[in-house]
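# Architecture and fold: a report
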Amino acid sequence: MTTHAPDVRRQGDYGLDGDFRVISARWQAMILAAIVAVLIALTVCGIVIGSLVVALVAGVIALGLVLFAGSYVHTSRVGKFKVWARILGDLALHGDEQVLDLGCGRGAVLLMAAELLPRGRAVGIDLWHPDQTGNSPDATRRNAELEGVADRIEVETGDITRLPFADNTFDLIISNLVLHNIASNADRRAAIDEAVRVLRPGGRLAIADLLATHRYRARLRELGLTDVRRRNLGWHMWWGSPFFPTRLVTATKKI
Ligand SMILES: C[S@@+](CC[C@H](N)C(=O)[O-])C[C@H]1O[C@@H](n2cnc3c(N)ncnc32)[C@H](O)[C@@H]1O
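Residues numbered from 1 in each chain as written. Predicted model: local features only at pLDDT ≥ 70, side-chain atom pairs only at ≥ 80, totals over all residues.

## What about the pairing of strand β2 (residues 121–126)?
Counted residue by residue, β2 has five buried out of six residues, so it is predominantly covered. Pairing of strand β1 (residues 98–102) with β2, which is carried by five bridges, proceeds in the parallel orientation. Paired with glutamine 98 across the two strands is arginine 121, which belongs to β2. Sheet topology places β2 next to strand β3 (residues 153–157); five bridges connect them, and they run parallel. Note that in β3 the partner of alanine 122 across the bridge is isoleucine 153. Crossover handedness for the path β2 to helix α4 (residues 137–147) to β3: right-handed. (Buried ≥ 20, exposed ≤ 12 C-beta atoms within 10 Å, placed from the backbone. Helix = DSSP H or I, 4+ residues; strand = E, 2+ residues; numbered from the N terminus. Pairing = 2+ DSSP bridges. Right-handed = clockwise from strand over helix to strand, strands pointing away.)

## Focus: the pairing of β1
Counting buried positions over the five residues of β1 gives four, a clear majority of the element. With four bridges connecting them, β1 and strand β4 (residues 170–176) associate as parallel partners. By the bridge assignment, aspartate 101 is partnered in β4 with isoleucine 174.

## Here we look at the site of the ligand
Residues in close proximity to the ligand total 24 residues, the closest being Gly103, Gly105, Ala108, His129 and Asn176. Contributions of two or more residues to the shell around the ligand are made by α3 (108–115) and β2. (Near = placed C-beta within 6 Å.)

## Topic: the packing of helix α5 (residues 185–198) against helix α6 (residues 213–222)
As a packed pair, α5 and α6 sit with axes 10 Å apart at the nearest point and diverge in direction by 50°. Comparing their axes, α6 and α5 come out oblique. The element α5 and its partner α6 pack so that their crossing is right-handed. Judged by residue contacts, Asn185, Arg188, Arg189 and Ile192 of α5 engage Arg215, Tyr216, Arg219 and Leu220 from α6. In terms of residue class, the contact of α5 with α6 is built from three nonpolar, one polar and four charged. (Axes fitted to C-alpha atoms, helices over the stretch in contact; angles between N-to-C directions. Parallel < 35°, antiparallel > 145°, perpendicular 65-115°, else oblique. Left-handed = near helix turned anticlockwise from the far one by under 90°. Contact = placed C-beta atoms within 7 Å. Nonpolar A, V, L, I, M, F, W, Y, C, P; charged D, E, K, R; others polar.)

## Observations regarding the sheet that holds β3
In a beta sheet, neighbouring strands are held together by backbone hydrogen bonds and run either parallel or antiparallel to one another. The seven strands lie next to each other as β3-β2-β1-β4-β5-β7-β6, forming an open sheet whose pairing is mixed. Edge positions in the sheet fall to β3 and β6 (226–232), since each has one partner strand and no second. Between one strand axis and the next, the sheet turns by 15° as a mean value, whatever way the strands run. Across the sheet, α5 is in contact with β1, β4 and β5 (199–209); its angle to β5 comes to roughly 145°.

## Quick notes on the packing of helix α2 (residues 52–90) against α3
Look at α2 against α3: their axes get within 10 Å of each other, and the N-to-C directions meet at 40°. On the basis of the axis angle, α2 is oblique to α3. Here α2 and α3 pass one another in a crossing that is right-handed. Residues Lys80, Phe81, Trp84, Ala85 and Leu88 of α2 touch α3, and the partners they reach there are Ala108, Val109, Met112 and Ala113. When grouped by side-chain class, the residues that make up the contact of α2 with α3 number eight nonpolar, no polar and one charged.

All quantities given are derived from atomic positions and should not be read as evidence of function.
Structure, rendered in C-alpha cells:
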C-alpha cells in the first residue's frame, strides 16, 4: 500500500548510470550513434539495390540498438525514480527514521528518502567510482540543495563492505544498483553482512540490484532476517532489455 511517496519530478541532476571507467558516456553515445548510422545506411542501400536480406538484417539490428539505448536511458533518467518513489512510499515511513543509502551516488534514492524524513536523517555512503556520470559528494550535496533537503542528509566517503557506523544504528537501509559493482561474491556478502550489522532490530532493508540478488536473499535468510522477499521491478528498471532486469530484495531484522 502506497501511503506518502516522494515526488517523482526531480529538481537535481542525477547523471547517467553505467560503466564509464574506460570509455566516457559521451564517447559511448557517439560510438553507438555511428554504428546505428552505418546500419541505417546499409538498410537504405539494401532497399536501393534490391537486397531485402541486407536491408532487413541491418534494419532490425539498428532498431534493436535504438530500443536498447532508449530503454537504458529511460531506466537511468526516469524509471528508477518512478520505481523508488513507489518502494519508498510502500515503506510507510513515520518521518523520524535514520536511513542509510549504500552507494548513494548523486543521491537519486537518498534524496527521495530524505523528502520523507522531516524529523529524521538520511545518510549516503559512496566511493564515488565512475559508475555514474559526474559522481562526487559535491554533486550529491548540490542536488540536496536543489531538492530542499540539505539539512536532512549526510554524505560520507567509504566502502560499503566496511561500514564506518556502529551496530544497530539505522531503521532502514536502502541501496540501488551498487552491489553488482563489487567484484567478488565474498565482498558482496560482506556488504550484506555489514548492512545487517548496522541495521537496528526491527529495521528494514531494501536492496535493488542486477544479477546476484538470489545470493543476497539467501544470505539474509542465513543471517536470520524475516520477511525476506525478492521481486522483479518491471520494465521501468530494465537495463536495455528484459534480459537485464533489476530485482528488489527486502527483509526485516528480527527484534
Ligand atoms: C550505478 S551507481 C548508482 C548510484 C545510486 N545508488 C543511484 O541509484 O543513482 C553505483 C554507485 O555505487 C558506488 N559504489 C560501488 N562500489 C562501492 C563500494 N564498495 N562502496 C561504496 N560505494 C560503492 C559507486 O561509486 C556509484 O556511485
